[in-house]
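# Per-entry structural report
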Amino acid sequence: MESERIRFGLMTDIHQDLMYKASDRLQAFIDESIQEDVDFIIQLGDFCFPLPENKPFFDIWQQFAGPNYHVLGNHDMDKCDKQMMMSFLGMKSNYYSFDCGDYHFVVLDANYFRVDGQYVDYAFSNYSKEGHTVSHVTDEQLAWLREDLSQTDKPTILFSHQSLEETYVGCNVGIHNSDKLREILREANQLAGFRKVIACMNGHNHLDGVKVIDDIYFIHINSISYYYLGSQFNTVRYSEEITAKHPILRQSVPYEEPLYAIITLEPGLLTIKGKKSTYVGPDPLEIGHNNANAGHVVSAKISCRQLKF
């Protein structure tokens, strides 16, 4: 590892159990991460169901010999509870932190909804009936986060499945208690006297974009696989046989090539080396979609960026 410079491979939302050729997409990410000799790899959730038939898929992930990390996504608990998913992935905790070189990293779990003032874990797709009460970071995690940040003097990046931005009216893009979380991040930066928390990276929305809130980058990482348009959109993009095995393909725009990123951190600079692809079949605008979500343009890419801090 070079002094004061680290690199890691980042991917999200592969949806093995829903998407066509997910194993090929994962293999491409792992191959490039190995070729690039990154310091670690991480995926931001919606990986696969913890089923025996997905063991070969997980074995592809395991081909990377270095440190590897997981974030829980909402769909990871569609067929199981959190403990089952964590056991499948080898996760000791649903939220945690780690260091790599001169940098600190935090993984959070926003897969909770609230009922009668209580946080409820996602399990067996229970969250799907909860509407806009979903996506919370628990009070326990917030207290832990404040303490964790106080114990490091390293520049820090947060990883989560859902965006840590606030939830907008009519748009369920971020967590519901973002105000409490962002207060902790502001406090950490003020107490440190420098920009300790430099970025928050998330998946979930299958978008490519960056916003700056409180002098912190909030970065949407696009799905490695596709963008979901909605049940009102139905377009045949593959053969009948393939579509029958993966019905979500009719309501989605899959990407021809997998999207993922190699991230470089060095003093004062976060560099995203992304990927650009094309859609399988007509693009969103061609079939009447507005091609936008949460202030971002829907696209088949992860943009290359240089973000100063």
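Above: the structure in question.
Attention here is on the structure that accompanies the text. Worth saying up front: this structure is predicted, and the values here are computed from it rather than measured.

Rules of the game
Residues numbered from 1 in each chain as written. Predicted model: local features only at pLDDT ≥ 70, side-chain atom pairs only at ≥ 80, totals over all residues. Heavy atoms only, no water. 1 Å grid on protein atoms, 1.4 Å probe; cavity = no way out; pocket = protein on both sides within 12 Å on 5 of 7 lines; lining within 4 Å. Points joined across faces, edges and corners; volume = space filled by probe spheres on them. Nonpolar A, V, L, I, M, F, W, Y, C, P; charged D, E, K, R; others polar. Pairing = 2+ DSSP bridges. Helix = DSSP H or I, 4+ residues; strand = E, 2+ residues; numbered from the N terminus. Axes fitted to C-alpha atoms, helices over the stretch in contact; angles between N-to-C directions. Contact = heavy atoms within 4.5 Å. Expected span 1.5 Å × (residues − 1). Buried < 20%, exposed > 50% of the residue type's maximum accessible area, 1.4 Å probe, protein only. Arc of directions from axis to C-beta. Disulfide = S-S within 2.5 Å. Core = buried A, V, L, I, M, F, W, Y, C linked by side-chain atoms within 4.5 Å.

## Focus on empty space enclosed by the protein
To find the voids left in a structure, one rolls a probe of water-molecule size over its atoms. Scanning the entire structure with this criterion turns up 1 cavity of 30 Å³ or more. There is about 60 Å³ of room inside the largest cavity. What lines the largest cavity is simply H15, Q16, D17, L18, D46, F47, C48, F49, H75 and D76. For the lining of the largest cavity, a count of residues per class yields 4 nonpolar, 3 polar and 3 charged.

## Considering the sheet that holds strand β4 (residues 96-100)
Taken in spatial order, the 6 strands of this open sheet run β4-β5-β8-β11-β13-β12, and their pairing is mixed. The sheet terminates laterally at β4 and β12 (209-213), the two strands that pair on one side only. Put simply, the sheet's adjacent strands are angled 20 degrees from each other on average, direction ignored. Bridge count for β12 against strand β13 (residues 216-220) is 5 bridges, and the pairing is antiparallel. Note on β13: the bridge partner recorded for G209 is H220. Lying on the sheet, helix α4 (residues 139-150) is in contact with β4, β5 (103-107), β8 (156-160) and β11 (197-202); it crosses β5 at an angle near 175 degrees. The sheet contacts of helix α5 (residues 178-192) involve β8, β11, β12 and β13, and relative to β11 the element is tilted by about 150 degrees.

## Things to note about α4
Taking 1.5 Å as the rise per residue, α4 with 12 residues should run 16 Å; its terminal C-alpha atoms sit 17 Å apart, in good agreement. Taken residue by residue, α4 has Q141, L142, L145, D148 and L149 as its buried positions. Projected down its long axis, α4 carries its buried residues within an arc of 125 degrees, all on one side.

## Details of the state of the cysteines
In this structure the tally under the stated criterion is 0 disulfides. The cysteine C48 is free of any disulfide, with C80 supplying the nearest cysteine sulfur at 9.1 Å. Look at C48 and you get buried, because its relative accessible area is 2%. Assessed through its relative accessible area of 0%, C80 is described here as buried.

## Structural notes on the pairing of β8
Burial analysis of β8 places 5 of its 5 residues in the buried class, which makes it a mostly covered element. Taking every second residue as pointing to the same face, both faces of β8 are buried, with T156, L158 and S160 on one and I157 and F159 on the other. Relative to β8, β5 runs parallel, the two sharing 4 bridges. Note on β8: the bridge partner recorded for V107 is F159. Two strands pair when backbone bridges link them, and β8 and β11 are joined in this way by 5 bridges, in the parallel orientation. Counterpart to S160 in the pairing with β11 is N202.

## With respect to the nonpolar core
Nonpolar side chains tend toward joint burial in soluble globular proteins. Counting 71 residues, the largest nonpolar core has F8, L26, I42, F47, F105 and F159 as the members making the most contacts within it. In this structure, F105 is in contact with I6, F8, F40, Y96, S97, F98, C100, I157, F159 and L265, ignoring residues within four places of it in sequence. Counting residues in each nonpolar core, the second largest holds 19 residues, with V106, L145, L164 and I184 among its members.

## As for the layout of surface pockets
What the largest pocket holds in volume is close to 510 Å³. Forming the walls of the largest pocket are 20 residues, and the residues nearest its centre are H75, H204, N205, Y228 and N293. Every element with two or more residues in the lining of the largest pocket is listed here: β14 (226-228) and β18 (292-293). Among the elements that line the lining of the largest pocket, the one with the most residues is β14, at 3 residues. Of the residues belonging to the lining of the largest pocket, the class tally is 9 nonpolar, 9 polar and 2 charged.

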